[in-house]
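# Fold and contact review
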Amino acid sequence: MVLSMPSPYKHPATGVYWYRQRVPARLKASAKGKNVTLTVDGHVSFLGEEIKVSLCTKSPAEAKRLAQEAQAEFDRIWLSYETGPVSLTLKQIVALSGEVYHVIKRALEDDPGEAGEWLARRKIREANSRKVQKSPRASLMIDPGSNLRARLGSWVDGTLVQHHLSVTDDTYQRLLVEFDRAAGDIAALLEKRSLGDFSPDTVAARFPQLDLGAPTGKAEGGVSITALLEAWAGRLKKPKPQTITRYTGIINQLIAYLTHDDAERLTDADIVRWHGELMVGGIVTHDTFIKAYRAAISTVYAYGMTAQGGKLVTQNPAAGLLLEGPKKQQSRPKSFYVEEAHSILRNALEAMTAENNYSDINRAAMRWVPWICAYTGARAGEVCQLRKQDFIEIDGVKCIALLPDAGTIKTGQFRHVPLHPHLMEQGLWQFAGGAKAGPLFYNGSLKSAQPWVQTVQILGEWVRAVAKVTDKRIGPNHAWRHWFKSKGRTAGIDNVYLDAICGHSLPTQGNNYGEFEPRALFREICDLSP
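From a predicted model like this one, the values you see are computed outputs, not experimental measurements.

With that settled, the discussion passes to the overall build of the protein chain. When you go through the protein chain residue by residue, the secondary structure sums to 19 helices and eight strands. A total of 530 residues make up the protein chain; the buried ones form 44% of that total. In the protein chain, the share of contacts with a sequence separation of at least 24, taken over all contacts with a separation of at least 6, comes to 68%. On the protein chain, roughly 27900 Å² of surface is accessible, and the fraction owed to carbon and sulfur atoms is 53%.

A word on the packing of aromatic side chains. Under the defined criterion, the tally for this structure stands at 14 aromatic pairs. Centroid distance Trp232 to Tyr247: 5.0 Å. Interplanar angle 25 degrees. Geometry classified as stacked. Taken together, the positions of Trp232 in helix H7 (residues 225-233) and Tyr247 in helix H8 (residues 241-258) put the pair 15 residues apart, joining distant regions of the chain. Tyr247 shares its class with Trp232; the two are buried. Members of the aromatic cluster, connected to one another through ring pairs, are Tyr257, Trp274, Phe289 and Tyr293. In this structure, Lys487 is placed above the aromatic ring of Trp483, and the distance from its NZ or CZ to the ring centre is 4.7 Å.

Attention shifts here to helix H11 (residues 338-349). Taking 1.5 Å as the rise per residue, H11 with 12 residues should run 16 Å; its terminal C-alpha atoms sit 17 Å apart, in good agreement. Among the residues making up H11, those that are buried are Glu340, Ala341, Ser343, Ile344, Leu345, Asn347 and Ala348. Residues of H11 that are buried sit in contact with helix H12 (360-376), helix H16 (452-465) and helix H17 (479-490).

Here the focus is the sheet that holds strand S7 (residues 397-402). The strand order across the open sheet built from three strands is S6-S7-S8, with neighbouring strands paired in antiparallel fashion. Looking at which strands have only one partner, the edges of the open sheet turn out to be strand S6 (391-394) and strand S8 (415-418). The sheet shows a mean angle of 45 degrees between the axes of neighbouring strands, taken without regard to direction. Where S7 and S8 come together, four bridges link them in antiparallel fashion. Residue pairing in the sheet places Leu402 in a bridge with Arg415 of S8.

Further remarks concern the packing of H12 against H17. Relative orientation of the contacting elements H12 and H17 amounts to 40 degrees, with a least axis distance of 7 Å. Relative to H17, the element H12 is oriented oblique. Across the interface between the two elements, Pro370, Cys373, Ala374, Tyr375 and Thr376 of H12 pack against Trp480, Trp483 and Phe484 of H17.

Turning our attention to the pattern of salt bridges. Counted according to the given criterion, the structure contains 16 salt bridges. Arg273 is the partner of Asp270 in a salt bridge, and the nearest nitrogen-oxygen pair spans 2.4 Å. Of this pair, Asp270 and Arg273 both sit in helix H9 (residues 268-280), three residues apart, roughly one helical turn. Arg473 is the partner of Asp471 in a salt bridge, and the nearest nitrogen-oxygen pair spans 2.7 Å. When salt bridges with common partners are traced through the structure, they connect Arg332, Glu340, Asp471 and Arg473 into a single cluster.

Right, let's talk about the packing of H7 against helix H10 (residues 286-304) for a bit. Across the interface, H7 lies against H10 with an axial gap of 8 Å and an inter-helix angle of 80 degrees. With respect to each other, H7 and H10 are oriented roughly perpendicular. Between H7, through Ile225, Leu228, Leu229, Ala231 and Trp232, and H10, the contact on the second element is made entirely by Thr299, Val300, Tyr301, Tyr303 and Gly304.

So, on to the nonpolar core. In this structure, Phe336, Phe441 and Trp480 are the most contacted members of the largest nonpolar core, which totals 56 residues. With 10 residues, the single largest contributor to this core is H12. By size, the runner-up hydrophobic cluster in this structure holds 33 residues, among which are Ile250, Trp274, Tyr293 and Val300.

A few words now on H16. In this model H16 runs 20 Å from its N-terminal to its C-terminal C-alpha over 14 residues, within 8% of the 20 Å that 1.5 Å per residue would give. Extensive coverage of H16 is indicated by the burial of 10 of its 14 residues. Within H16 the residues assigned to the buried category are Trp452, Thr455, Val456, Ile458, Leu459, Gly460, Glu461, Trp462, Val463 and Arg464.

To continue, consider the environment of Lys398. Examined against the element boundaries, Lys398 turns out to sit in strand S7. With residues up to four places along the chain from it excluded, the contact list for Lys398 reads Ile392, Glu393, Pro418, Leu419, Met424 and Trp429.

Let us now look at unusual backbone geometry. Keep in mind that most residues, glycine aside, have a negative phi and that most peptide bonds are trans. Located in the positive-phi region is Lys311, a residue other than glycine, with phi close to 45 degrees. Within the chain, Lys468 stands out as a residue other than glycine whose phi angle is a positive 60 degrees. Within the secondary structure, Lys468 sits in the loop between H16 and H17. Under the relative-accessibility criterion, Lys468 is labelled exposed at 61%.

Attention now moves to the sheet that holds strand S1 (residues 9-10). Taken in spatial order, the three strands make up an open sheet running S1-S2-S5, and their pairing is antiparallel. Two strands lie at the open edges of the sheet, namely S1 and strand S5 (52-54), each paired on one side alone. The pairing of strand S2 (residues 17-20) with S5 spans three bridges and is classified as antiparallel. When the bridges of S5 are listed, Trp18 appears paired with Ser54.

Let us look at the confidence of the model for the protein chain. When the pLDDT values of the protein chain are averaged, the result is 81; 80% of them are 70 or greater. Mean pLDDT values over the elements of the protein chain span from 48, in strand S4 (residues 43-47), up to 96, in S6.

In this structure, Trp371 sits in helix H12. For Trp371, a relative accessible area of 5% gives the class buried. Considering only alpha carbons, one finds Trp371 and His420, 49 residues apart in sequence, at a separation of 10.0 Å.

Rules used in this analysis
Residues numbered from 1 in each chain as written. Predicted model: local features only at pLDDT ≥ 70, side-chain atom pairs only at ≥ 80, totals over all residues. Heavy atoms only, no water. Helix = DSSP H or I, 4+ residues; strand = E, 2+ residues; numbered from the N terminus. Buried < 20%, exposed > 50% of the residue type's maximum accessible area, 1.4 Å probe, protein only. Contact = heavy atoms within 4.5 Å. Areas by Shrake-Rupley, 256 points an atom, 1.4 Å probe, with all protein chains shown as cover. Phe/Tyr/Trp six-rings, centres within 6.5 Å; stacked < 30°, edge-to-face > 60°. Lys NZ or Arg CZ within 6 Å of the ring centre and 35° of its normal. Expected span 1.5 Å × (residues − 1). Pairing = 2+ DSSP bridges. Axes fitted to C-alpha atoms, helices over the stretch in contact; angles between N-to-C directions. Parallel < 35°, antiparallel > 145°, perpendicular 65-115°, else oblique. Salt bridge = Lys/Arg side-chain N within 4 Å of Asp/Glu carboxyl O. Core = buried A, V, L, I, M, F, W, Y, C linked by side-chain atoms within 4.5 Å. pLDDT = per-residue confidence, 0-100.

Below, the structure written as structure tokens:
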């Protein structure tokens, strides 16, 4: 079993986050004393007996993201130990040798210096090799491959470690030969460059893109679990990006646990065993396995059984599968207690002037997002993705427009939510009106598919650290939805209005006809008090 992701931890002296992974018990003997490398966000870390890696960040939110990347690397490492030495195709071997070619090229091509001597030295080696082959004693001499190993073994070993590969002796010898060819090619290129010839490099095109595939035990011609995942992720009714990310991580963990990627070989008994091991190890709760892990497996298999999914498989091993676990205990409300809510809101009022290292855009989120959530019941992600243009006036009522085109709305449906008079008194409308076009609470230049998620994570950490709402039994952001519903019921607001404002499914089909006009919703929320 490949263990699920533990939390990154902060180094007490530097404040930089690190990530640690235990070696699975069954692999300790084969992994003992081995060195591997992990590349996390472009940073390469060499690991020995202590299996940990620096995430090179002091940001808690960024550390969580990079920890997922590190876990994927760890899973590949453990899987490589499971499968043992592999044979690579010539195309894969040449692609690996091309990596060395490009590394040296990037380092020396623009200013090669005396690199032209490389070619001269290679010509000397080639001449010596020809003399050896013509010698009548050639058959008595040591295999010239040993000379290649002395010169290029460290390059080959480093490349194999980088890709978590263990190869057969035959593949290793072929790697030495192709690395030698690549070394000759780069020497020839650098000689040209040292003479002032910077014409296009035509040799680089001979190196293909590396495609190692997954070291799996999938039967020849069979369907892989990965193929089911890809078919589901690429369906016309596109799943949400965060769901694809979550399911991909779960399916990769499943494949690593099984040590094969054969969709037809997965059984309900495999899932029961996986559930049991994760439970015993305290990796996930029973509810999490049911709602996330079993759901991921069942969803991708169910789609793979359909005509649109290609009828890749004929049965779904997770469908209707009974998994028993301890009943979830609830020992407090899902909503904030009054003291907790007021602590967050008080600190929000001071967020713009508090002494800390938060950026201006994060300060703005801390100032406004909790108050907006408290008075609208909106999801924190829906609020964090708000843009300036999402503040609109309808029939004289000032509203926020929660729109799917701004980011992610769980239901996929827009809604217009009136702003409570208290939000207007605090200056929310003026804040939005004076802001630059675009997102209000996250950096629009971030490359992430869902950049507002980082703001949500930072907000949650701020609630725990600054507002001191530390009870792990409630969500630091999601509890506002429960708070809004609770306060709304206390104020006597009909549930149908509360559902419409929160974006919950309406209880009857009749309620789905017509619209909940902002004036009607505004009338209702005016009875709310924080």
